[in-house]
Amino acid sequence: MRLKDAAPPLFVACAGLAVSLPLWLYGLPLVGDSVLLVSWHERFAAQLFAGELYPRWLSQMSAGLGSPAFFFYAPAPFYFSALLRALLPFGSDAPRTLGVAYALALTASGLTAYAWLRRLCGSRAATAGACLYLLAPYHAAVDLYTREAYAELCAFVWIPLVLLFAERIKTCPRAGLAGLSISYALVALTHLPATLIFSPVPVAYAYFTTGRDGRARATLRVACAMALGAGLASVYLIPALTTQANASLTDMLPHLYYERWATFTRTSLGELYGRIFWGELSSACLVACAAALVASRRDESARRLVLFWSAVCALSLFMTTFASNFLWRLVPVVQKVQFPWRYNINVCAAAAAAAALVLAARRPPDARRAHARLYVFGALLVALWAFADVRTAWSDYEQALKTGGVSVPNAERWVWTVGGDAPEYKPRWANSNADTRSSEIARALCGGATVPATGCVHTDETDAEIAIERWRPRDIALRVNSPRGAALVVAQFYYAGWSARLDGQPLPVGYTKPDGIITLDAPAGSHAISLRLEPARAETAGRVLSACSLALLALVVAAPRRRRASHGA
């Protein structure tokens, strides 16, 4: 690669590193959800390195009582952070490792945005658009530094690639289909609400940006590629979508989100709302400037694309207002988005694309002076974006720098104190005990604040002898010796799929009420008991569908080679 070709992506990478510099230097501030993310990261990595290829049940979460979090939460970002844990010299320092993961995700999103925009316009315009994608207030100031939304931040990496291959599929169908299906699968494996929000965009993009002759064909190709991508991600999607009744996700009442958490019409509901509101307003102004600038351009293609992205921006912002409540009620699946402000994901892509297309479009000589004010206004908006990002980062790190940050042990104690997991992922059999803290239950069972890594089993029979022979995620083996029999309480939450065998024969599995902890009845004598959380039908179906989709993708990629080889023979 020539230096001239390498300079633009290198500049974008440097911009990403500059925006995320505090994360490189000091790690992730442990505030809000980031403390829970640290705990998930540690447990996921530990089980992955112990040989479990897809850790769904985190046995040491909830003060050691277990959690089904990764039956529902997308796993891809945590595979990435686990890889960094293994590669980085300070990998055992979870906040620093996650800080690097956040910084790399932000930087990678700029590079993928450059690759997408470079196909639409020149390298200079693509560089500017990619930097805007990095600096967008919702992306950097909100997702990176305010909410520290790790999975949603990682979704920004794959969205430009979906759009890149949605464009390429028009001219190179097989390569475009393969790239689009893989990148869309990565979006789904990274953040499910972002997938739901973004999914209509590639299909609409193919339809509205293609000429009449090829419109139906291009739209069908994009839809088929996305369907194949969903198939690739089925190993996660099918259990996540079909087993939600096993957790407490219904406690997250949708109306509390789309009715009370709309942000575009709320400017005085706290720091988070203020940042989101002004990010939305400034992004809308930037897209409006782009639309005004391109209106008099001679480039019909640029006008069509900017019009498309203006519509995406307008519709996405509409979904954040109270006026859209009827749509949230009319289409219940949209309620899975939870927070209306997440529609800013589309707004960030729209602002970056519109700005890059305007910079690359041909300008009539007589319109340069007339448009100078719009250019100045747009430049001021971008300057304000950069200022907002720096100010937000400083406000987050100022206290951490004064106090030396929050250590991992303190973070762990915080997690145990509040219950050890997000309440929506607590098994539904413990719903009636939602206000009881997991650490209190664990202390009652094991005599300590948390369940030890080797596990514990409680019984009221003082003459019963219990030996734990194996305690692994989803796999527990016990040896019980009791002259009169014993009622055992195993320190794991009950969940659909737990099954037990007594000396090789089926043994009923129960649970305590209202705590939802596994119970077993061991008869008199000496017995071997095995307890396993077996893969549900949804897990098996997901694996099979992902394998079939992967085989189909390989067939699509390999088919041209076989044809060329037979033609040459």
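Everything below is about the structure printed above this text.
Residues numbered from 1 in each chain as written. Predicted model: local features only at pLDDT ≥ 70, side-chain atom pairs only at ≥ 80, totals over all residues. Heavy atoms only, no water.

1. So, the sheet that holds strand β4 (residues 486-493)
No. 1: Taken together, the four strands give an open sheet; going across it, the order is β1-β4-β8-β7, and neighbouring strands pair in antiparallel fashion. Two strands close off the open sheet at either side, each with one partner strand: β1 (457-458) and β7 (510-511).
No. 2: Relative to β4, β1 runs antiparallel, the two sharing two bridges. Each bridged residue has a counterpart across the sheet, and for V457 the counterpart in β4 is V490.
No. 3: Strands β1, β4 and β8 (517-522) of the sheet are contacted by helix α23 (residues 438-446), whose axis makes an angle of about 145° with β4. (Pairing = 2+ DSSP bridges. Helix = DSSP H or I, 4+ residues; strand = E, 2+ residues; numbered from the N terminus. Contact = heavy atoms within 4.5 Å. Axes fitted to C-alpha atoms, helices over the stretch in contact; angles between N-to-C directions.)

2. What to know about the pattern of salt bridges
No. 1: Enumeration according to the criterion identifies 14 salt bridges in this entry.
No. 2: Here D475 makes a salt bridge to R532, at a shortest N to O gap of 3.8 Å. Of this pair, D475 sits in strand β3 (residues 475-482) while R532 sits in strand β9 (residues 525-533), and the two are 57 residues apart along the sequence.
No. 3: Residue D475 is classed as buried on the basis of its relative accessible area of 10%.
No. 4: The class of R532 is partly exposed, set by a relative accessible area of 35%. (Salt bridge = Lys/Arg side-chain N within 4 Å of Asp/Glu carboxyl O. Buried < 20%, exposed > 50% of the residue type's maximum accessible area, 1.4 Å probe, protein only.)

3. A closer look at helix α11 (residues 173-190)
No. 1: With 18 residues, α11 ought to run about 26 Å at 1.5 Å a step, and its terminal C-alpha atoms sit 25 Å apart, in line with that.
No. 2: Among the 18 residues in α11, 13 count as buried, and that is most of the element. (Expected span 1.5 Å × (residues − 1).)

4. Things to note about the packing of aromatic side chains
Any two aromatic rings considered together are summarised by their centre-to-centre distance and by the angle between their planes.
No. 1: According to the stated counting rule, one finds 29 aromatic pairs in the structure shown.
No. 2: Consider the rings of F339 and W341, whose centres lie 4.8 Å apart with planes at 0°: the pair is stacked.
No. 3: Of the residues examined, F339 reaches a relative accessible area of 12% and is grouped as buried.
No. 4: Positioned above the aromatic ring of F90, the side-chain terminus of R96 is 3.8 Å from the ring centre.
No. 5: Residue placement shows R428 over the ring face of W429; its charged tip is 4.2 Å from the ring centre. (Phe/Tyr/Trp six-rings, centres within 6.5 Å; stacked < 30°, edge-to-face > 60°. Lys NZ or Arg CZ within 6 Å of the ring centre and 35° of its normal.)

5. A look at the side chain of E52
No. 1: Tracing the sequence through the fold places E52 in the loop between α3 (33-49) and α4 (61-64).
No. 2: Among buried Asp, Glu, Lys and Arg side chains, E52 stands out as unpaired, with R474 the closest opposite charge at 4.9 Å.
No. 3: Side-chain polar atoms of E52 contact the side chain of Q47, separated by 2.9 Å.
No. 4: In this structure, E52 is in contact with Q47, P473 and R474, ignoring residues within four places of it in sequence. (Lys, Arg positive; Asp, Glu negative; His and termini not counted. Polar contact = N/O pair within 3.5 Å; in protein donor to acceptor, adjacent residues only side chain to side chain.)

6. A few points about the nonpolar core
No. 1: Grouped together as the largest cluster of nonpolar side chains are 166 residues, with contacts concentrated most on W40, W309, W498 and L520.
No. 2: For this core, the leading source of residues is helix α10 (residues 150-168), giving 14 residues.
No. 3: With sequence-adjacent residues up to four places away left out, L520 is seen in contact with A486, A487, L488, V490, A500, L507, P508, V509, I529 and L531.
No. 4: Of all hydrophobic cores here, the second largest spans six residues; its members include I197, V334, V337 and Y343. (Core = buried A, V, L, I, M, F, W, Y, C linked by side-chain atoms within 4.5 Å.)

7. What to know about a nonpolar patch on the surface
No. 1: A contiguous nonpolar patch, built from L17, L21, W24, L25 and Y26 and spanning about 470 Å² of accessible area, is present on the exposed surface.
No. 2: Tracing the chain through its elements places L25 in helix α2 (residues 21-26).
No. 3: Exposure remark for L25: the relative accessible area of 51% places this residue in the exposed category. (Patch = residues over 30% accessible without salt bridge, like charges linked within 9 Å, V, L, I, M, F, W, Y side chains within 5 Å. Areas by Shrake-Rupley, 256 points an atom, 1.4 Å probe, with all protein chains shown as cover.)

8. Examining the pairing of β9
No. 1: Pairing analysis gives eight bridges linking β3 to β9, with the strands arranged antiparallel. In the strand pairing of β9, A477 is matched with S530.
No. 2: By the bridge criterion, five bridges tie strand β5 (residues 498-502) to β9 in an arrangement that is antiparallel. Counterpart to W498 in the pairing with β9 is L533.

9. A look at the sheet that holds β9
No. 1: In space, the five strands of this open sheet follow the order β2-β3-β9-β5-β6, with antiparallel pairing throughout. A strand with exactly one partner marks an edge of an open sheet, and here the two such strands are β2 (465-472) and β6 (505-507). Each adjacent strand pair in this sheet contributes to an overall mean axis angle of 25°, direction not counted.

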